Amino acid sequence: MNASQNPPKIEEDSISLPIEGMTCASCVARVEKALGKVDGVSAVSVNLATERADLRTSGAVNRNELVQAVQAAGYDVLANSVELAIEGMTCASCVGRVEKALKAVPGVTDAAVNLATERASVRGTDDITALIDAVASAGYTARQIGGNIGAEDDEAAERKEAERVELKRDLIIAALLTLPVFVLEMGSHMIPGVHHLIADTIGMQASWYLQFTLTTLVLAIPGRRFYEKGIPALIRRAPDMNSLVSVGTLAAYSYSVVATFAPRLLPAGTVNVYYEAAAVIVTLILLGRYLEVRAKGRTSEAIKRLVKLQAKTARVQRGSSFVEIPIDDVITGDIIEVRPGERIPVDGEVTDGESYVDESMITGEPIPVAKASGATLVGGTVNQQGALAFKATAVGGATMLAQIIRMVEQAQGSKLPIQALVDKVTMWFVPAVMLAAAITFVVWFFYGPSPALTFALVNAVAVLIVACPCAMGLATPTSIMVGTGRAAELGVLFRKGEALQLLKDAKVVAFDKTGTLTEGRPALTDLFIMPDFDRTHVLGTVAAVEAKSEHPIARAIVTAAESEGIALPAVRSFEAVTGVGVHAEVNGASVDIGADRYMRDLGLDVAAHSAIAGKLGSEGKSPLYAAIGGKLAAIIAVADPIKETTPAAIAALHKQGLKVAMITGDNRATAEAIARQLGIDDVIAEVLPDGKVEAVRRLKAAYGSLAFVGDGINDAPALAEADVGLAVGNGTDIAIEAADVVLMSGNLTGVPTAIAISRATLRNIRQNLFWAFAYNTALIPVAAGVLYPGWGILMSPVLAAGAMALSSVFVLGNALRLRAFKFNDGVLNAAKGGAS
């Protein structure tokens, strides 16, 4: 019985299932009762807080029965996700068949197979044996991918290198054996002297015997791979690219064998050999496969570079000394030492030392970041100058580098909406090609000129060979792999592959203000000192008073004084005057700080300074006055400063033809002042946290597809509501989890960069799909001979093989152009089709 029909039972002492839909204690009781009835379950403990069910088993338990029991109780088990490495796929039709086989396994809710990465992502079951058996029944080989970052990639690289070496060897053998066949046959047709030379020396029959021997070796040794996969696929009625090559070459070879050894079986005038067609087809397709494998290796270089960022060892404190241990042995809480020039092994927090760290490979930012006690460190970044000691806060798969690698791999393995149509077409493409070849043969045989059999055979073989759908299967995933990999190098992580397609369609980009467009913390921006007052004295005195307040504006003034190294004098009689300001005594002088209304209440005339205050207010700043000893001493302005990169980012978005909106809880006057300063097109102000979702909906209704950029916990619903959500990487974990795209640094130029790379990647995909479909489809009628009646043009099977190989190489080469993607000030430094 097939394993996919009867999944094997789980034989383990404990099982943990994630349960979805529980809301109260009665839900817990129902789930426990349902699971307790399943054969083999000896104990059940369901936790509402963690939403998990932990089971103890006394024997083998069928996981599907557990899932069905939970579902029967009215709840659901969250789908597991399994990653499989698939071997043996060669074209788009292979992808469709593997997906179909995996989706037929009980419990599987979805399966996505990627030809470029040669991986399958399966949701809904962790019954690995059933999945592997299902893939095997489709004619391919599968194995589960482990969770060790880098190890799987090393294994894959070794297999790819072995495949490349094997293909190179077979290509050389095939070329050496094919060359004499090609010279003997095509030389006779192209150069009359060669025909006479062969006839006068070894003779034409002996030439055919020699061609037979060499071609048999080509098909049996380097060409064997096509028949080992193509013939069984044909028998299963699931033909693939190998089937097309097998049928085409065997047809030409078999016809030639009959012509060589039993010519009387063929109609008069049709006795000819096509050994060179069979041999050259195999050689050219091997060449295409070899170039394809080499190019495929380059598409995943971004992942390889990320993996190489991981240190192999760490110098960890053990007792009173530091010892070097393998990175896998580091645990959370370890104290680690890193010297100048060394790579930081894991995520951590600095406990001792000062230095600058190059975080460019994580954030895309080229400027080293200062690190001192309390600063966070990211594993994989490079320590520049000083020595640091830090406490490990995340190790192994929990590090930011490991999470980035997982994000990139998930994005690379995902399918874009554009691929749905491709998959539907390619599933039927190979059978359609075989039908077209059969029709071609019949039409030429019955209606073609003499020798009809020869014309029918040659043109049918040409149709079979020219239409191999390798390029169709590679068109989308290779561009995704290279595009998302390049984006990661620029500090832009696509967490969801579909965001790559949706982002290019954005019509408006909406920003949260605080912490996204701005720094997220008030700062002293202006300090106007009145005549007869000293700046240092005024700032120190005002900061000393404000140090007694907990207001964010007060904190900004204190921080400014501390940054200038100003000593704060002692303060007496501090008093907060509700709603208007504060009063205190400093060195025997009264100090009052507040708004213009407070100054007027004190009898101080501020009318002469109203122009300055008005200008500050129009810039979105909050003006305050300070009086010392009963005299007006200074005008102070505090604001949440706009990030340095914000103006450039908004200008770049406008150059891309996008509208820019801002959603903020600030009052309208302040919001509109900032909008004028930045050139923002639409402002939605005075929005409460729970009103951001409605604001996003309003903007979508007004403009169309919307991308939302935010960084806070209260941005998470809006990020999820937007067509594409972009989270600033130094924001909260919740915002990042709700987003489709993560900007690893706080640099907002990552937003236009993400949109530009989305557009470049989708343009690249469209070019690939056009080439793969239009090129292959257009050549089918040419191969079938439609040009022959008018122009006497036929496509040789040899040229068809070359055209087919060129198709795949073109698609891969075009995708690889995205590796050099650059974005500058809203304008792509690129050729028409992609990136440079």
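- As recorded by an unreviewed UniProt entry, the protein carries the name P-type Cu(+) transporter and is attributed to Hyphomicrobium sulfonivorans.
- Under the Sequence similarities (unreviewed entry) heading, UniProt states for the protein: "Belongs to the cation transport ATPase (P-type) (TC 3.A.3) family. Type IB subfamily."

**Focus: the overall build of the protein**
Turning to step 1, where the next piece is worked out: A count of helices and strands for the protein gives 30 helices and 32 strands.
Turning to step 2, where the next piece is worked out: Here the protein holds 836 residues, and the buried ones make up 51% of them.
Turning to step 3, where the next piece is worked out: Long-range pairs, those at least 24 residues apart, make up 67% of the contacts in the protein between residues at least 6 apart in sequence.
Turning to step 4, where the next piece is worked out: Surface accessibility of the protein: about 36100 Å² in total, with carbon and sulfur atoms responsible for 56%.

**Notes on the packing of aromatic side chains**
The geometry of an aromatic ring pair is captured by two quantities: the separation of the ring centres and the angle between the planes.
Turning to step 1, where the next piece is worked out: Going through the model one piece at a time under the given rule, you end up with twelve aromatic pairs.
Turning to step 2, where the next piece is worked out: For the pair F455 and Y788, a centre-to-centre distance of 5.7 Å together with 55° between the ring planes defines the contact as tilted. Of the two residues, F455 is situated in helix α15 (residues 452-466) and Y788 in helix α29 (residues 788-791); the sequence distance between them amounts to 333 residues.
Turning to step 3, where the next piece is worked out: Residue Y788 is classed as partly exposed on the basis of its relative accessible area, which comes to 26%.
Turning to step 4, where the next piece is worked out: Aromatic pair W771 and F810: ring centres 4.2 Å apart, planes at 25°, arrangement stacked. Note that W771 is positioned in helix α28 (residues 750-784) and F810 in helix α30 (residues 797-816), a separation of 39 residues in sequence.
Turning to step 5, where the next piece is worked out: Look at W771 and you get partly exposed, because its relative accessible area is 22%.

**Looking at the nonpolar core**
Turning to step 1, where the next piece is worked out: Core analysis: the largest hydrophobic core is formed by 142 residues, its most contacted members being L102 and F494.
Turning to step 2, where the next piece is worked out: For this core, the element with the most residues is α28, which contributes 16 residues.
Turning to step 3, where the next piece is worked out: Residues in contact with F494, not counting those within four places in the same chain, are M407, A411, T484, A487, A499, L500, L503, D740, V741, A754 and I757.
Turning to step 4, where the next piece is worked out: Counting residues in hydrophobic clusters, the runner-up holds 24 residues, among them V538, A543, A584 and V591.

**Section: the sheet that holds strand β5 (residues 81-87)**
Sheet strands pair via backbone hydrogen bonds, and the direction of the pair is either parallel or antiparallel.
Turning to step 1, where the next piece is worked out: Taken together, four strands build an open sheet; the order of strands is β6-β7-β5-β8 and the sheet is antiparallel. Unpaired on one side and paired on the other, β6 (110-114) and β8 (141-144) mark the two borders of the sheet. In this sheet, adjacent strand axes meet at a mean angle of 25° when their direction is disregarded.
Turning to step 2, where the next piece is worked out: By the bridge criterion, five bridges tie β5 to strand β7 (residues 119-123) in an arrangement that is antiparallel. Paired with S81 across the strands is R123, a residue of β7.

**Comments concerning α28**
An α-helix turns once every 3.6 residues. As a result, residues three or four positions apart point the same way.
Turning to step 1, where the next piece is worked out: In a regular helix each residue adds 1.5 Å, so 35 residues correspond to 51 Å; α28 covers 50 Å between its end C-alpha atoms and thus fits that length.
Turning to step 2, where the next piece is worked out: G785 sits one or two positions beyond α28 and adopts a positive phi of about 100°.

**Quick word on the pairing of strand β10 (residues 321-326)**
Within a regular beta strand, the side chains point alternately toward one face of the sheet and then the other, so they alternate between its two faces.
Turning to step 1, where the next piece is worked out: With six bridges connecting them, strand β9 (residues 313-318) and β10 associate as antiparallel partners. Note on β10: the bridge partner recorded for Q317 is F322.
Turning to step 2, where the next piece is worked out: In textbook terms, the turn of a hairpin is the stretch between consecutive antiparallel strands, and for β9 and β10 this stretch comprises two residues, one of which, G319, has a positive phi near 75°.

**A word on the pattern of salt bridges**
Turning to step 1, where the next piece is worked out: For the structure on display, the rule yields 24 salt bridges.
Turning to step 2, where the next piece is worked out: Between E87 and R143 there is a salt bridge, with the nearest N and O atoms lying 3.7 Å from each other. With E87 in strand β5 and R143 in strand β8, the pair connects residues that are 56 residues apart, well separated along the chain.
Turning to step 3, where the next piece is worked out: One salt bridge in this structure joins E324 and R315, with 3.5 Å as the shortest N-O distance.
Turning to step 4, where the next piece is worked out: Exposure remark for R315: the relative accessible area of 10% places this residue in the buried category.
Turning to step 5, where the next piece is worked out: Where salt bridges share partners, they join R315, E324, E337, R339 and E342 into one cluster.

**Quick word on the sheet that holds strand β24 (residues 622-628)**
Turning to step 1, where the next piece is worked out: Judged by pairing direction, the sheet is antiparallel, and its six strands sit side by side in the order β20-β25-β24-β23-β22-β21 without closing on themselves. Every other strand in the sheet has two partners, leaving β20 (523-529) and β21 (571-577) as the edge strands with one partner each. Pairs of neighbouring strands in the sheet enclose a mean axial angle of 20°, with direction left out of account.
Turning to step 2, where the next piece is worked out: Strand direction decides the pairing type here: β21 and strand β22 (residues 581-586), joined by five bridges, are antiparallel. Counterpart to A576 in the pairing with β22 is V582.

**Examining a nonpolar patch on the surface**
Turning to step 1, where the next piece is worked out: A surface patch of nonpolar side chains, amounting to about 750 Å² of accessible area, comprises L435, I439, V442, V443, F445, F446 and Y447.
Turning to step 2, where the next piece is worked out: By relative accessible area, F446 is classed as exposed at 60%.

**Observations regarding helix α2 (residues 63-72)**
Turning to step 1, where the next piece is worked out: R63, N64, L66, V67, A69 and V70 are the residues of α2 that are buried.
Turning to step 2, where the next piece is worked out: Trailing α2 by a residue or two, G74 shows a phi angle of about 100°, which is positive.

**What about the packing of helix α19 (residues 535-546) against helix α20 (residues 552-563)?**
Turning to step 1, where the next piece is worked out: At a minimum axis separation of 8 Å, α19 and α20 run at an interaxial angle of 135°. When the interaxial angle is binned, α19 and α20 end up oblique. In this structure, the crossing between α19 and α20 has a hand that is left-handed. Contacts from L539, V542, A543 and E546 of α19 reach α20 at A554, I557, V558 and A561.

**Re unusual backbone geometry**
Turning to step 1, where the next piece is worked out: Note that the residue after S450, namely P451, is joined by a cis bond; omega there is -5°.
Turning to step 2, where the next piece is worked out: Looking at the element boundaries, P451 is found in the loop between α14 (418-447) and α15.
Turning to step 3, where the next piece is worked out: The backbone phi angle of E118 is positive, close to 55°, even though this residue is not glycine.
Turning to step 4, where the next piece is worked out: The exposure class of E118 is buried, given its relative accessible area of 15%.
Turning to step 5, where the next piece is worked out: One non-glycine residue, S573, lies in positive phi territory at about 55°.
Turning to step 6, where the next piece is worked out: Tracing the backbone through its elements, the reader meets S573 in strand β21.

**Some thoughts on the side chain of T664**
Turning to step 1, where the next piece is worked out: Topologically, T664 is positioned in the loop between β26 (659-663) and α24 (668-678).
Turning to step 2, where the next piece is worked out: Setting aside chain neighbours within four positions, we find T664 in contact with K513, A671, I684, A685, E686 and V687.

**Considerations on the side chain of T454**
Turning to step 1, where the next piece is worked out: Its place among the elements puts T454 in helix α15.
Turning to step 2, where the next piece is worked out: For T454, the contacting residues outside a window of four places in its chain are Y255, T270 and Y274.

**Looking at the confidence of the model for the protein**
Turning to step 1, where the next piece is worked out: Overall, the predicted model of the protein reaches an average pLDDT of 84, with 89% of residues at or above 70.
Turning to step 2, where the next piece is worked out: This model gives residues 1-11 a pLDDT under 50, and the stretch forms 26 contacts once residues within four places in sequence are excluded.
Turning to step 3, where the next piece is worked out: In the model, residues 826-836 has pLDDT below 50 throughout and makes 34 contacts with residues more than four positions away in sequence or in other chains.

Conventions we followed
- Residues numbered from 1 in each chain as written.
- Predicted model: local features only at pLDDT ≥ 70, side-chain atom pairs only at ≥ 80, totals over all residues.
- Heavy atoms only, no water.
- UniProt positions renumbered as here; feature names shortened; annotations may be inferred.
- Helix = DSSP H or I, 4+ residues; strand = E, 2+ residues; numbered from the N terminus.
- Buried < 20%, exposed > 50% of the residue type's maximum accessible area, 1.4 Å probe, protein only.
- Contact = heavy atoms within 4.5 Å.
- Areas by Shrake-Rupley, 256 points an atom, 1.4 Å probe, with all protein chains shown as cover.
- Phe/Tyr/Trp six-rings, centres within 6.5 Å; stacked < 30°, edge-to-face > 60°.
- Core = buried A, V, L, I, M, F, W, Y, C linked by side-chain atoms within 4.5 Å.
- Pairing = 2+ DSSP bridges.
- Axes fitted to C-alpha atoms, helices over the stretch in contact; angles between N-to-C directions.
- Expected span 1.5 Å × (residues − 1).
- Salt bridge = Lys/Arg side-chain N within 4 Å of Asp/Glu carboxyl O.
- Patch = residues over 30% accessible without salt bridge, like charges linked within 9 Å, V, L, I, M, F, W, Y side chains within 5 Å.
- Parallel < 35°, antiparallel > 145°, perpendicular 65-115°, else oblique.
- Left-handed = near helix turned anticlockwise from the far one by under 90°.
- pLDDT = per-residue confidence, 0-100.

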